[in-house]
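Spelled out, the chains give:
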Amino acid sequence: MNGKLHKNILIAGGSGMIGSILSRKLQALGYQVAWLSRNSKSDADYKIYQWNIQNESLSPEALEWADVVINLAGATIARWPWTNSYKKKVIRSRTEPAKLIAAELKYISLKPKIYISASATGIYGDRKEEIHTESSVAGKDFLSRSCLAWEENAISTGNEFSRSAIVRTGIVLSNLGGFLEKLTLPAKLNLLAVPGNGNQWLPWIHIDDLCRIYISIIENETMHGVYNAASPNPVTLNTFCSALCKTLGTSLWLPAIPDWVLKLFLGEMSQIILDSVRVNPEKLLAENFEFQFVDAELALKDLLTKK
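Predicted model only: the values in this text are computed from it and were never measured.

Quick notes on the rules
Throughout this description, residue numbers start from 1 for each chain and increase along the sequence as written. Local features in this predicted model are restricted to residues whose pLDDT is 70 or higher, and side-chain atom pairs enter the listing and the counts only when it is 80 or higher, whereas totals over whole chains, interfaces and linings include all residues. Values reported for side chains reflect all heavy atoms of the structure, with hydrogen atoms and water molecules removed beforehand. For helices the rule is a DSSP run of H or I covering at least 4 residues; for strands it is a run of E covering at least 2, with both sets numbered from the N terminus onward. Think of it in three bands: residues with accessible area under 20% of the maximum for their type are buried, residues over 50% are exposed, and the middle band is partly exposed, with areas taken using a 1.4 Å probe on protein chains only. Whenever a nitrogen or oxygen atom comes within 3.5 Å of another N or O atom, the pair is scored as a polar contact, on the condition that within protein one atom can donate a hydrogen and the other can accept it, and that pairs from neighbouring residues in sequence are kept only if both atoms are in side chains. In this description, contact between two residues means that some pair of their heavy atoms is separated by no more than 4.5 Å. Two strands form a pair only when DSSP identifies at least two bridges running between them. A fitted line through C-alpha atoms serves as each axis, taken over the contacting stretch for helices, and the angle formed by two N-to-C directions is quoted from 0 to 180°. Oblique is the label for any angle not covered by the other classes, which are roughly parallel (under 35 degrees), roughly antiparallel (over 145) and roughly perpendicular (65 to 115). In this scheme, a crossing is called left-handed if the near helix is turned counterclockwise away from the far one by less than a right angle; it is called right-handed if the turn is clockwise. All residues other than Ala, Val, Leu, Ile, Met, Phe, Trp, Tyr, Cys, Pro, Asp, Glu, Lys and Arg, Gly among them, are scored as polar; the first ten of these are nonpolar and the last four charged. Here the positive residues are Lys and Arg and the negative ones are Asp and Glu; neither His nor the chain ends is included. The working definition used for a salt bridge is a side-chain nitrogen of Lys or Arg within 4 Å of a carboxyl oxygen of Asp or Glu. Note on handedness: a clockwise path from strand one over the helix to strand two, with the strands aimed away from the viewer, defines a right-handed crossover.

(A) The arrangement of the side chain of N71 in detail. On the secondary structure map, N71 appears in strand β5 (residues 68-71). N71 sits in the buried class, given a relative accessible area of 2%. A distance of 3.1 Å separates the side chain of N71 from the backbone nitrogen of A73, its partner in a polar contact. Non-local contacts of N71, meaning those with residues more than four positions away in its chain, are made with A12, P97, A98, I101, Y115, I116, S117 and A118.

(B) Representation of the sheet that holds strand β1 (residues 8-12) in the model. Strand order across the open sheet formed by 8 strands is β4-β3-β2-β1-β5-β6-β8-β12, with mixed pairing between neighbours. The strands lining the two open edges of the sheet, one partner per strand, are β4 (57-58) and β12 (225-229). Both β1 and β5 contribute to a ladder of 4 bridges, which runs parallel. Across the sheet, residue I9 finds its bridge partner in β5, namely V68. Sheet strands touched by helix α4 (residues 142-158): β6 (114-120), β8 (163-169) and β12. Its angle to β6, the strand with the most contacts, is close to 175 degrees.

(C) Highlighting the packing of helix α5 (residues 179-188) against helix α7 (residues 237-248). Across the interface, α5 lies against α7 with an axial gap of 10 Å and an inter-helix angle of 60 degrees. On the basis of their axis angle, the class for α5 and α7 is oblique. Of the two possible hands of crossing, α5 and α7 adopt the one that is right-handed. Contact residues: F179, L180, L183, T184, A187 and K188 in α5; L237, F240, C241, L244, C245 and L248 in α7. Tallied by class, the residues present in the contact of α5 with α7 amount to 10 nonpolar, 1 polar and 1 charged.

(D) The side chain of E134, seen in detail. Structurally, E134 is set in the loop between β7 (131-132) and α4. Put simply, E134 is tucked away with no salt bridge, and the nearest opposite charge, on K283, sits 6.5 Å away. Only 2.9 Å separates the side chain of E134 from the backbone nitrogen of N228, close enough to count as a polar contact. Setting aside anything within four residues of it in sequence, one finds E134 in contact with Y124, R168, V226, Y227, N228, N280, P281, E282, K283 and L284.

(E) Fine view of the pairing of strand β2 (residues 32-37). Across the 6 residues that make up β2, a large majority, 5, are buried. Bridge count for β1 against β2 is 5 bridges, and the pairing is parallel. The residue bridging I9 from the neighbouring strand is V33, located in β2. In the classification by handedness, the crossover that spans β1, the intervening helix α1 (residues 17-28) and the parallel β2 is right-handed.

Written out as structure tokens, the structure reads:
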């Protein structure tokens, strides 16, 4: 363990929910943080290096400055509708940044040492009760195929670094947006209805634990390869929604929303909420990583009582 050996952290996708929180935590630990951005000016308290994926341009000073590159870039999958053109955009947004970073490395002499790429537990697809470890095979649906393309490019780019890792991220629980925010308002109004039959497994993770995983990879020279970033105690959506209502002092009384209704209105995008993805963070546990939040109800209490 030698975290300060790699002090300069360059983040692509730093302005997103995960990137902004991770940036603050890294800075609080004494790391120097910079973002890759299309805009040279930013209200964030971080150094900004310019890049433009479409123009295939990236400031060479960025990679020369960095000890670690964290790639969180990617268009959201939670945008309706999933047209063919938007699905292509999702895949390009996850593959082209890695290609650009790899290409620019050829033009610099002082190269960063560590490459960490985001991915998602959606790579496993809908497999009901099956438990997935990092060695499980990928599914065949759109989310799985997009994650496969994401990781193939991450591996190729990571080969240009001394050490690389891929973080397969589950459903991130944060009080600053995302999945939890979408469920909290109807739950507060006592109007939450479980999507689908509720038996689908939810690979959730508290944002603080996710940030600690990235920091652990930076600081632990033995960590490399693929990691499932999800609580070792996954829950079904029924259990999660019940815990959310209990935390907010409301009740889960409305009937569940049938699968066919979600498929009718959301189309293929309904798989985001209907897929059952039961994940085990086997490699993190083998590395003796200690999750601070393994109980979904305690995680919800922590997040929903924070200001």
